[in-house]
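# Fold and contact review
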Amino acid sequence: MAVSLRLLMLLCLVGLGASRWRPHDVAAKLAAILEHQEAQRLAMREHHPGANMTTPELIEYFGYPVEIHQVTTSDGYILELHRIPYGISGPTGESRPVAYLEHCLLCSSSDYIMNNPDKALAYKLADAGYDVWLSNMRGNTYSHSHETLDPENVNFWQFSWDEMAVYDVPESIDYVLGVTGATGVYYTGWSMGTTVFWAMLSEKPEYNDKIKAMAAMAPVAYLDNAKGPITALAPYADDMDTILTILGKGELFPSSEWMDNMAETYCDMEAVTAEVCYNFLFLLCGPDIDELNKEYLPVILAHTPAGSSVHTINHYAQVLLTGLFQKYDYGRLGNLNHYGQDTPPLYNLDNVLAPVGLFWGNTDWLADPEDVAKLASELPNVALNYNINKTEFNHLDFGWAIHADELVYRYVLDFFAQY
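Fair warning: this is a prediction, and the values are worked out from it, not measured in the lab. (Residues numbered from 1 in each chain as written. Predicted model: local features only at pLDDT ≥ 70, side-chain atom pairs only at ≥ 80, totals over all residues. Heavy atoms only, no water.)

## Points about the overall build of the protein
- Broken down by element type, the protein carries 16 helices and 11 strands.
- Of all 419 residues assigned to the protein, the portion counted as buried reaches 54%.
- Pairs at least 24 apart in sequence give 76% of the contacts found in the protein among residues at least 6 apart.
- With an accessible surface of roughly 18300 Å², the protein has 56% of that area assigned to carbon and sulfur atoms. (Helix = DSSP H or I, 4+ residues; strand = E, 2+ residues; numbered from the N terminus. Buried < 20%, exposed > 50% of the residue type's maximum accessible area, 1.4 Å probe, protein only. Contact = heavy atoms within 4.5 Å. Areas by Shrake-Rupley, 256 points an atom, 1.4 Å probe, with all protein chains shown as cover.)

This is the structure we're talking about:
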């Protein structure tokens, strides 16, 4: 479909005058346009080399050591972890505290390295003396395999963030502790990376002992005050989930070459469509034009979205509609089958006993300040509740902002240093 649309657009560019040309003239004109577009695309890739690299390649590009590890969960999903065992500046020594970073919805390990090394959180932690582990939960670009299930089959996608919380996160942490010999990790979560943390400790409170401290950036448990398109689409999410499942479609927004090319072409800061691209992001996640990293955006959008399951996205819609931090709602019969009761069980935030630092922004439409306040009132051990010191700071800024290092990460590092 994408190729057909592209050819139609090119035919329009050739113009009505093409009717005066012979067939081979039209073909030559089309070939010249395609060649010019490809030259532009390659030039953009040279200008943004990270757009054409994987997370490990990008880490290596900046001169940092990197390792690739695999974890097979007890329900068969094969997860890929990326490790930066040490930095290229800062403290040295074999014994290093372990930092574990969990990504947001439709994201991957790449989102913690989407800036230059003196700005991105993963590099800053490594240079501060941490052994850094970047997670990839099931269904994203790097964790797209299973022992027996095929991603082309809808059965592969029968999960939400419930399963990520019960399998992916704790079993990845166990693997990291086994490799490093550490007794606990310094956990950083961004958006969904915080959601799965609350859910994990609700279901597996013994993991409190494996958490030194937890930094929650743009923390999400409630969506009562969310804004933007998500609020308009949420009422239809269950029906769309059902329809897509029946049609055998379980994956949404996977990484693709088509998406990469769109980002490079239309979100490049020199493109005439750049402002449209920027405003679309603000519409989704809240305004903050000052911190939008226009130079790095084509690289960011070449890595994100990284895909997830339909159920995972619908699960957030259910939280928004019910106002409850609860497990996935399969409908009455499905709930009886999964949980032995008509309704999905609530998660118990009283079980989150590890010291938590909350980091939140004023114009975050997906982790609204009022929803963060509600979450803070229910967590038993909030050691830090930090409002980013800027009038506008949105949901994406925690990973992508130009000055996230000064506005957020320095306080994350200070928080961890206390434990």
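## Digging into the packing of aromatic side chains
- A full pass over the atoms with the stated rule returns 29 aromatic pairs.
- Between Tyr 222 and Phe 325 the ring centres are 6.4 Å apart and the planes differ by 65 degrees, which places this aromatic pair in the edge-to-face class. Separated by 103 residues along the polypeptide, Tyr 222 in the loop between strand S7 (211–217) and helix H7 (229–233) and Phe 325 in the loop between helix H12 (310–322) and helix H13 (332–339) bring together distant segments of the chain.
- Its relative accessible area of 8% is what places Tyr 222 among the buried residues.
- Centre to centre, the rings of Phe 393 and Phe 398 are 5.0 Å apart; their planes meet at 90 degrees, and the pair counts as edge-to-face. Both residues of the pair, Phe 393 and Phe 398, belong to the buried class. (Phe/Tyr/Trp six-rings, centres within 6.5 Å; stacked < 30°, edge-to-face > 60°.)

## Concerning the packing of helix H5 (residues 161–180) against helix H6 (residues 192–203)
- In contact at an axis separation of 8 Å, H5 and H6 are set at 85 degrees when each is read in the N-to-C sense. Overall, the two elements H5 and H6 adopt an arrangement that is roughly perpendicular. Touching Trp 161, Met 164, Ala 165, Val 166, Val 169, Pro 170 and Ile 173 of H5 are Met 192, Thr 195, Val 196, Ala 199, Met 200 and Glu 203, all from H6.
- A breakdown of the residues in the contact of H5 with H6 according to their chemical character gives 11 nonpolar, 1 polar and 1 charged. (Axes fitted to C-alpha atoms, helices over the stretch in contact; angles between N-to-C directions. Parallel < 35°, antiparallel > 145°, perpendicular 65-115°, else oblique. Nonpolar A, V, L, I, M, F, W, Y, C, P; charged D, E, K, R; others polar.)

## Digging into the pattern of salt bridges
- Tallied over the entire structure, the rule returns 12 salt bridges.
- Here Asp 224 ties to Lys 374 by a salt bridge, and the two come within 3.1 Å at their closest N and O atoms. Here Lys 374 lies in helix H14 (residues 369–378) and Asp 224 lies in the loop between S7 and H7, a separation of 150 residues in the sequence.
- Classification of Lys 374 by relative accessible area gives partly exposed; the value is 28%. (Salt bridge = Lys/Arg side-chain N within 4 Å of Asp/Glu carboxyl O.)

## Side note on empty space enclosed by the protein
- Counted according to the given criterion, the structure contains 2 cavities of 30 Å³ or more.
- When its volume is computed, the second largest cavity comes out at roughly 50 Å³.
- Together, His 103, Cys 104, Leu 105, Leu 106, Cys 107, Met 137, Arg 138, Asn 140, Met 164, Met 192, Gly 307 and Ser 308 line the second largest cavity.
- Per-class residue counts for the lining of the second largest cavity are 7 nonpolar, 4 polar and 1 charged. (1 Å grid on protein atoms, 1.4 Å probe; cavity = no way out; pocket = protein on both sides within 12 Å on 5 of 7 lines; lining within 4 Å. Points joined across faces, edges and corners; volume = space filled by probe spheres on them.)

## Topic: the state of the cysteines
- Within this structure, the stated rule accounts for 1 disulfide.
- Disulfide partner of Cys 104: Cys 107, at an S-S distance of 2.2 Å. With the S-S dihedral at roughly -75 degrees, the linkage between Cys 104 and Cys 107 falls on the left-handed side. Per residue, the accessibility class of Cys 104 equals that of Cys 107, and both read buried. (Disulfide = S-S within 2.5 Å.)

## Concerning the side chain of Asn 314
- Positionally, Asn 314 belongs in helix H12.
- Classification of Asn 314 by relative accessible area gives buried; the value is 3%.
- Side-chain polar atoms of Asn 314 contact the side chain of Asp 241, separated by 2.9 Å.
- A polar atom in the side chain of Asn 314 sits 3.2 Å from the side chain of Tyr 328.
- Leaving out residues up to four positions away in the same chain, Asn 314 has contacts with Ala 237, Asp 238, Asp 241 and Tyr 328. (Polar contact = N/O pair within 3.5 Å; in protein donor to acceptor, adjacent residues only side chain to side chain.)

## Things to note about the confidence of the model for the protein
- Across the protein, the average pLDDT comes to 87, with 84% of residues at 70 or higher.
- Under a pLDDT of 50 for its full length, residues 1–21 has, in the predicted model, 17 contacts with residues more than four places off or in other chains.
- Low pLDDT (under 50) marks residues 40–45, which in the prediction has 10 contacts with non-local residues, meaning those over four places away or in another chain. (pLDDT = per-residue confidence, 0-100.)

## So, the environment of Gly 87
- Note on placement: Gly 87 falls in the loop between strand S2 (77–84) and strand S3 (98–102).
- With residues up to four places along the chain from it excluded, the contact list for Gly 87 reads Tyr 64, Arg 96, Ala 126 and Asp 127.

## Quick notes on the packing of helix H8 (residues 237–246) against H12
- Put simply, H8 and H12 touch, their axes get as near as 9 Å, and they point 165 degrees apart. Overall, the two elements H8 and H12 adopt an arrangement that is roughly antiparallel. Relative to H12, H8 is oriented so that their crossing is left-handed. In this structure, H8 uses Ala 237, Asp 238, Asp 241, Leu 244 and Thr 245 to contact H12, whose residues at the interface are Val 310, His 311, Asn 314, Ala 317 and Gln 318.
- Considering only residue class, the contact of H8 with H12 consists of 4 nonpolar, 4 polar and 2 charged. (Left-handed = near helix turned anticlockwise from the far one by under 90°.)

## Quick word on the nonpolar core
- Membership of the largest hydrophobic core comes to 107 residues, with the highest contact counts inside it found for Val 132, Trp 161, Tyr 187, Trp 198 and Leu 358.
- Ranked by residues supplied to this core, first place goes to helix H16 (residues 404–417) with 8 residues. (Core = buried A, V, L, I, M, F, W, Y, C linked by side-chain atoms within 4.5 Å.)

## Side note on H14
- Buried residues of H14: Asp 371, Val 372, Leu 375 and Ala 376, and no others. Projected onto a plane normal to the axis of H14, the buried residues spread over an arc of 140 degrees and lie on a single side. Exposed positions of H14 whose direction lies more than 90 degrees from the buried face are Glu 370 and Ser 377.
- Looking at the buried residues of H14, the elements they touch are H6, strand S10 (356–360) and strand S11 (382–387).
- The N-cap of H14, judged by a side-chain oxygen 2.9 Å from the amide nitrogen of Glu 370 a few residues on, is Asp 368. (Arc of directions from axis to C-beta.)

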